[in-house]
Amino acid sequence: MVPVTIPERRPADVPTDEARLDEALRFLSGAPVALDVAAKRLARGSGVYAWWAVPSVLPDLPGPPNDSDPSWRMLYLGRATSLRGRVLRNHLRRSGSSTLRRTLAGLLVSEGYRTTWTDRVVLVPEDEARLTAWMHEHLRLTWAEDAEPADIETELVRRLHPPLNVHGVDPEHIQAAVVAAKNAYNASSGPAQP
């Protein structure tokens, strides 16, 4: 007798990856909110988030327009196990733990951001505060909660090509200015030489 195998079934209440992507895109494409508003609304759960700016901010780096308000364009997309923690404790405070902050500081080098070496290159405290103020003035945020954000982040970056993302972006969409800014930032300070 030949054993009969039954294909594995997904419970009806578990969304497919495509449904999760669609849901994330819907939330990410909503009207971007100011960072002080986002700070009050961000969930502690996991998910994906997108940073937005008007075209006059970093004009040489075009990103996809926001569906709800096309005057904003996406700059960066990330994932977090805690949306609130990632945005508030990393992206809005410490360049040492935020690729976004390091990239922005590299792109804004003409504004005189200064770095120092700890166990890595970081902005000096005054410039950490200055960059946070710049972000509050120029950037907005959207986010979508998702239990397994790593599963969908890769596909979202591949589809949307945010200009400040480098990992996961198809090579033809990688922005040379962003790579140069990251390299310049990383080379701006180093360990003390004996």
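It should be noted that the structure appears before, not after, this text.
The shown structure was predicted, so the numbers you read here are calculated from the model rather than taken from an experiment.

**Points about the packing of helix α4 (residues 99-107) against helix α5 (residues 125-138)**
To describe two helices that pack against each other, one gives the angle between their axes and the distance between the axes.
Thought 1: Contact geometry of α4 with α5 gives a least axis separation of 11 Å together with a crossing angle of 95°. As summarised for this structure, α4 and α5 are arranged roughly perpendicular, according to the angle between their axes. On the side of α4, the interface is formed by Leu-100, Arg-101, Leu-104 and Ala-105, while α5 contributes Glu-128, Leu-131, Thr-132, Trp-134 and Met-135.
Thought 2: Here the residues of the contact of α4 with α5 sort into six nonpolar, one polar and two charged.

**Quick look at the nonpolar core**
Thought 1: Of all hydrophobic cores here, the largest spans 34 residues; its most connected members are Tyr-49, Trp-51, Leu-104, Leu-131, Trp-134, Met-135 and Leu-141.
Thought 2: Not counting chain neighbours up to four residues away, the residues in contact with Leu-131 comprise Arg-101, Leu-104, Ala-105, Leu-108, Tyr-113 and Leu-123.
Thought 3: Membership of the second largest hydrophobic core comes to 14 residues, among which are Val-48, Trp-52, Trp-72 and Ile-152.

**With respect to helix α6 (residues 149-160)**
Thought 1: The end-to-end C-alpha distance of α6 is 16 Å, a good match for the 16 Å that twelve residues give at a rise of 1.5 Å each.
Thought 2: When α6 is considered as a whole, its buried residues turn out to be Pro-149, Ile-152, Glu-153, Glu-155, Leu-156 and Val-157.
Thought 3: Close packing links the buried residues of α6 with α1 (17-28), β1 (47-53) and β2 (73-80).
Thought 4: Trailing α6 by a residue or two, His-161 shows a phi angle of about 55°, which is positive.

**Examining the packing of aromatic side chains**
Thought 1: All chains considered together, the criterion is met by zero aromatic pairs.
Thought 2: For Arg-26, the ring lying beneath its charged end belongs to Phe-27, and the centroid distance is 4.5 Å.
Thought 3: Here the basic side chain of Arg-130 rests over the ring of Tyr-113, its NZ or CZ set 4.1 Å away from the ring centre.

**Digging into the layout of surface pockets**
Thought 1: Roughly 230 Å³ of volume is contained in the largest pocket.
Thought 2: Forming the walls of the largest pocket are 16 residues, and the residues nearest its centre are Tyr-76, Leu-77, Glu-153, Asn-165 and His-167.
Thought 3: The leading source of residues in the lining of the largest pocket is β2, at four residues.
Thought 4: A class-by-class count of the residues in the lining of the largest pocket yields six nonpolar, six polar and four charged.

**Considerations on the environment of Ser-82**
Thought 1: With respect to the helices and strands, Ser-82 occurs in the loop between β2 and α3 (83-91).
Thought 2: With near-sequence residues (within four places) excluded, Ser-82 lies in contact with Arg-44, Gly-45 and Ser-46.
Thought 3: A polar contact is formed between the side chain of Ser-82 and the backbone oxygen of Arg-44, at a distance of 3.3 Å.
Thought 4: One polar contact links the side chain of Ser-82 to the main-chain amide nitrogen of Gly-85, over a distance of 3.1 Å.

Criteria and cut-off values
Residues numbered from 1 in each chain as written. Predicted model: local features only at pLDDT ≥ 70, side-chain atom pairs only at ≥ 80, totals over all residues. Heavy atoms only, no water. Axes fitted to C-alpha atoms, helices over the stretch in contact; angles between N-to-C directions. Helix = DSSP H or I, 4+ residues; strand = E, 2+ residues; numbered from the N terminus. Parallel < 35°, antiparallel > 145°, perpendicular 65-115°, else oblique. Contact = heavy atoms within 4.5 Å. Nonpolar A, V, L, I, M, F, W, Y, C, P; charged D, E, K, R; others polar. Core = buried A, V, L, I, M, F, W, Y, C linked by side-chain atoms within 4.5 Å. Buried < 20%, exposed > 50% of the residue type's maximum accessible area, 1.4 Å probe, protein only. Expected span 1.5 Å × (residues − 1). Phe/Tyr/Trp six-rings, centres within 6.5 Å; stacked < 30°, edge-to-face > 60°. Lys NZ or Arg CZ within 6 Å of the ring centre and 35° of its normal. 1 Å grid on protein atoms, 1.4 Å probe; cavity = no way out; pocket = protein on both sides within 12 Å on 5 of 7 lines; lining within 4 Å. Points joined across faces, edges and corners; volume = space filled by probe spheres on them. Polar contact = N/O pair within 3.5 Å; in protein donor to acceptor, adjacent residues only side chain to side chain.

Function cannot be inferred from these measures alone, as they are strictly geometric.
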